[in-house]
Amino acid sequence: MKQIKLVFFVGLLGMLFPFLSRAQSNSLGDRAPAKEQVQSHAIHRKQITRKQKLLFKKPNVKHTPDYEYYNHMEQVARDKQQVALKEIKLRGTPHPRQTAEYKFYVHAESVAKEKQHVLRKMAEPQYADITYFGHKHKPKKHLPYAMRYCKECGIRH
C-alpha cells in the first residue's frame, strides 16, 4: 500500500513539476504582452449612388455647337491675324503690331477664347460638394421615419 502511495505521489509530482517550474517569460509579470494596434490610414470614400454619379457627371462641352463655333472663330481670327501681319510688314510699316487692323484680329481671337472659357466654366456643376445632391442649399438630415422623397434629386432625405 505504501508503494502505491509512493508511485502515485511521484507520478503526481512528475505531472505537476513542469507546470510549477515555469518561470516568467517577460518583464510584465503574468500578463501577456499587449498587442499594438497599427493605425490604418485608409481613407474611406463616401458611398455615391448611381443617380448621384449621373447628377455630377461633367458634360463634355468641347463637342457642343456653341463651343465648336467659337473654336472655329478663334482659328479664323488667328489665320487672318497672321495674314494681316504679313501684309502690314510688306507695306513697310515701322511697327506692324501696333496697327488697328492687327489689334482687331488679336481682340477677335481673345474674345473667342474667352467665350470658350465661359462655356467650359458654365458646364461644371454649381456645387462641388456631393452632400448638396444638386440642391442650391444643403438638404436637412431627417430621422429615418421622417424622411421624404425628393423630386429634385430622386432620393430620400
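Keep in mind the model is a prediction, meaning the values are calculated, not measured.

A. Quick peek at helix H4 (residues 100-123). Between its first and last C-alpha atoms H4 spans 35 Å; for 24 residues at 1.5 Å apiece the expected length is 34 Å, and the two agree. Here H4 has its buried residues at Tyr102, Tyr105, Glu109, Ala112, Gln116 and Ala123. Against the buried residues of H4 lie helix H3 (65-91).

B. Representation of the pattern of salt bridges in the model. The tally for this structure, following the rule as stated, stands at three salt bridges. Close ionic contact of Glu74 with Arg78 constitutes a salt bridge, the shortest N to O distance being 2.8 Å. In this pair, Glu74 and Arg78 both sit in helix H3, four residues apart, roughly one turn of the helix. A relative accessible area of 24% places Arg78 in the partly exposed class. Between Glu101 and Arg91 there is a salt bridge whose closest N-O contact spans 3.3 Å. Of this pair, Glu101 sits in helix H4 while Arg91 is found in helix H3, placing the two residues 10 residues apart along the sequence. Judged by its relative accessible area of 32%, Glu101 falls in the partly exposed class. Using a relative accessible area of 57% as the deciding quantity, one classes Arg91 as exposed. Via salt bridges that share partners, Glu74, Arg78 and Glu109 belong to a single interconnected network.

Rules used throughout
- Residues numbered from 1 in each chain as written.
- Predicted model: local features only at pLDDT ≥ 70, side-chain atom pairs only at ≥ 80, totals over all residues.
- Heavy atoms only, no water.
- Helix = DSSP H or I, 4+ residues; strand = E, 2+ residues; numbered from the N terminus.
- Expected span 1.5 Å × (residues − 1).
- Buried < 20%, exposed > 50% of the residue type's maximum accessible area, 1.4 Å probe, protein only.
- Contact = heavy atoms within 4.5 Å.
- Salt bridge = Lys/Arg side-chain N within 4 Å of Asp/Glu carboxyl O.

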